[in-house]
Structure formats: C-alpha cells, structure tokens
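So the chains spell out like this:
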Amino acid sequence: GAVVSQHPSWVICKSGTSVKIECRSLDFQATTMFWYRQFPKQSLMLMATSNEGSKATYEQGVEKDKFLINHASLTLSTLTVTSAHPEDSSFYICSASMGSSGNTIYFGEGSWLTVV
Amino acid sequence: GDSVTQMEGPVTLSEEAFLTINCTYTATGYPSLFWYVQYPGEGLQLLLKATKADDKGSNKGFEATYRKETTSFHLEKGSVQVSDSAVYFCALSDRGGSEKLVFGKGMKLTVNP
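Here's a quick rundown of the structure. (Residues numbered from 1 in each chain as written. Chains lettered and ligands numbered in written order. Predicted model: local features only at pLDDT ≥ 70, side-chain atom pairs only at ≥ 80, totals over all residues. Heavy atoms only, no water.)

**Considerations on the sheet that holds strand 7 (residues 56–59) of chain B**
Residue and element names in this part refer to chain B. What counts is decided by this rule: Any two strands between which DSSP finds at least two bridges are classified as paired. Numbering of helices and strands starts at the N terminus; helices are DSSP runs of H or I of at least 4 residues and strands are runs of E of at least 2. Each axis is a line fitted through C-alpha atoms, and for a helix only the stretch in contact is used; angles between axes span 0 to 180 degrees, taken between their N-to-C directions.
Spatial strand order, 3-9-8-7: 4 strands in an open sheet with antiparallel pairing. Where the open sheet ends on each side, the last strands, each with one partner, are strand 3 (19–21) and strand 7. Taking the axes of each pair of neighbouring strands and ignoring which way they run, one obtains an average angle of 15° across the sheet. As paired strands, strand 7 and strand 8 (residues 62–65) are joined by 4 bridges and run antiparallel to one another. In the sheet register, Lys56 faces strand 8, and the bridge partner there is Thr65.

Following this line, the structure appears as structure tokens:
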C-alpha cells in the first residue's frame with residue numbers, strides 16, 4: 001500500500017529555536033496533506049490543510065506564523081515550529097491523500113517533539 | 001462542532017478474549033465513520049469504515065456498525081491476538097466531501113499471550 005514517511009521520529013530542541021518536520025509520500029503524489037497534533041490524553045487535532053503550491057489553511061486557534069507549513073512539491077510537506085516553547089511539545093502527525101473526495105488517506109508514523 | 005468520544009485506556013487483555021471499544025460521536029449531518037489503528041512504530045492505518053447508517057465495516061476480524069439512533073460506532077472483535085496490540089482511534093469526516101478527520105483520543109490495547 002501507499003506509504004507516508006515522517007522525519008524525524010523524535011526530536012528534542014531548545015526553547016526559542018526552530019525545528020522542521022518533514023512528511024513525504026513515497027509512492028504517490030499527494031495533492032493534499034494534513035498536519036495533526038496530539039497532546040497527552042487528548043485527541044488528534046487537525047492543525048492545517050495544505051495543498052501543493054498554495055498556502056496552507058489553518059484551523060481556528062492555530063498560529064500560522066508559529067507553525068509554518070510548506071507544500072512545495074507533490075511528495076513533500078514540511079512543518080516548521082518556530083521559536084519553540086515547552087508547551088509546543090507534542091506528537092505531530094501528517095497525512096496525505098491524492099486529493100479527490102473519497103480517496104484513502106495515508107498517515108505518517110508521527111514525530112515526537114520535546115522542547116526543553 | 002463535530003466530536004468523537006471513545007473509551008480511554010490503556011486496556012490489557014489475554015489472547016482470545018472478546019474486545020469492545022466504545023465510540024460515540026456528535027455531528028451535524030451524516031458523517032462517515034472510521035476506525036484507525038496504529039501499530040508500534042508505524043503510521044495510522046485505516047482498519048474499517050462505514051459511510052451510512054446501518055452499514056457494517058469489517059476487516060481482520062474486527063467489526064463496527066454505524067448506529068445513527070445511538071450515534072455510535074463501537075469496535076468489536078471476538079478473539080483478540082497478540083498482534084492486535086496497538087492504539088485504536090475512532091474518527092469521523094463530514095459527508096460534504098471533506099477529508100478532514102475528527103478523532104477520538106485513541107485507546108491503547110495490549111494483548112498478552
């Protein structure tokens with residue numbers, strides 16, 4: 001089946017620095033990618049939807065200047081957490097689809113971010 | 001807004017035990033309902049889905065029936081195996097064609113031999 005890969009799986013960064021998480025679709029072209037975040041004992045929450053070549057659409061309450069999403073190609077989307085703070089520590093997971101309604105959505109393995 | 005409530009774990013069962021993971025939802029309209037599973041070190045995978053009332057999704061011995069009257073989509077398996085150890089997420093998407101998913105909190109299942 002289709003594969004979506006995230007990197008890194010685990011990352012620790014210092015407060016105030018920026019960290020980038022990559023999401024790649026390995027064997028299909030992902031017109032649309034989604035970024036989710038999960039805090040401990042909470043649901044996976046959608047942060048933003050990105051379509052290749054256009055600006056991401058952010059969910060209410062998600063700071064677009066803090067969570068920079070780039071979807072420059074059909075196989076790669078990146079999430080950059082800028083000026084990270086300990087409260088940004090979370091599990092980030094991406095998903096990708098080929099874009100048409102009803103298409104299967106494929107998820108990455110997720111990335112654990114710890115800000116110290 | 002739309003929401004999903006599912007059983008919280010973690011849950012530990014012995015092999016061949018019966019499994020039920022409760023899931024209820026709140027949504028406007030008629031959502032599609034999903035169960036996703038995440039095995040250790042892997043991404044979420046679609047386990048089964050149902051797109052309309054009374055539909056039953058099934059896969060790998062797991063079943064769930066879309067119950068509109070009780071707004072539920074409980075996951076069941078008659079006899080779990082060690083290989084079923086994973087985190088299970090209930091989710092919905094609205095019927096308007098959006099691929100946005102609303103998830104429950106997930107439930108970690110451990111099956112011991």
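**Comments concerning the interface of chain A and chain B**
Spelled out, the test is: Throughout, a contact is declared for two residues whenever any of their heavy atoms are within 4.5 Å. A simple way to read buried area is as the amount of 1.4 Å-probe accessible surface that goes missing from two parts once joined, with both sides added. Each salt bridge in this description consists of a side-chain nitrogen of Lys or Arg and a carboxyl oxygen of Asp or Glu lying within 4 Å of one another. N or O atoms within 3.5 Å of each other form a polar contact, as long as, within protein, one can give a hydrogen and the other can take it, and as long as residues adjacent in sequence are counted only when both atoms are side-chain atoms. We call Asp, Glu, Lys and Arg charged. Ala, Val, Leu, Ile, Met, Phe, Trp, Tyr, Cys and Pro are nonpolar, and the rest, Gly among them, are polar.
Between chain A and chain B, the residue contacts involve 22 residues of the former and 14 residues of the latter. Buried area between chain A and chain B, both sides added, is near 1500 Å², and the carbon and sulfur share of it is 55%. If you sort the residues of chain A by the area they bury against chain B, Leu44, Ile105 and Phe107 of chain A come out on top, with a joint share of 31%. There are 1 salt bridge connecting chain A and chain B. Salt-bridge contacts for Glu59 of chain A lead to Lys100 of chain B; the nearest nitrogen and oxygen are separated by 3.2 Å. Along the contact surface separating chain A from chain B lie 5 residue pairs in polar contact (both at pLDDT 80 or more). At the level of elements, strand 4 (32–38), strand 5 (44–51) and strand 9 (90–97) of chain A are the ones that each hand at least two residues to the side of chain A that touches chain B. Top contributing element to the side of chain A that touches chain B by residue count: strand 4 of chain A, with 4 residues. Looking at the side of chain A that touches chain B residue by residue, the classes come out as 8 nonpolar, 11 polar and 3 charged.

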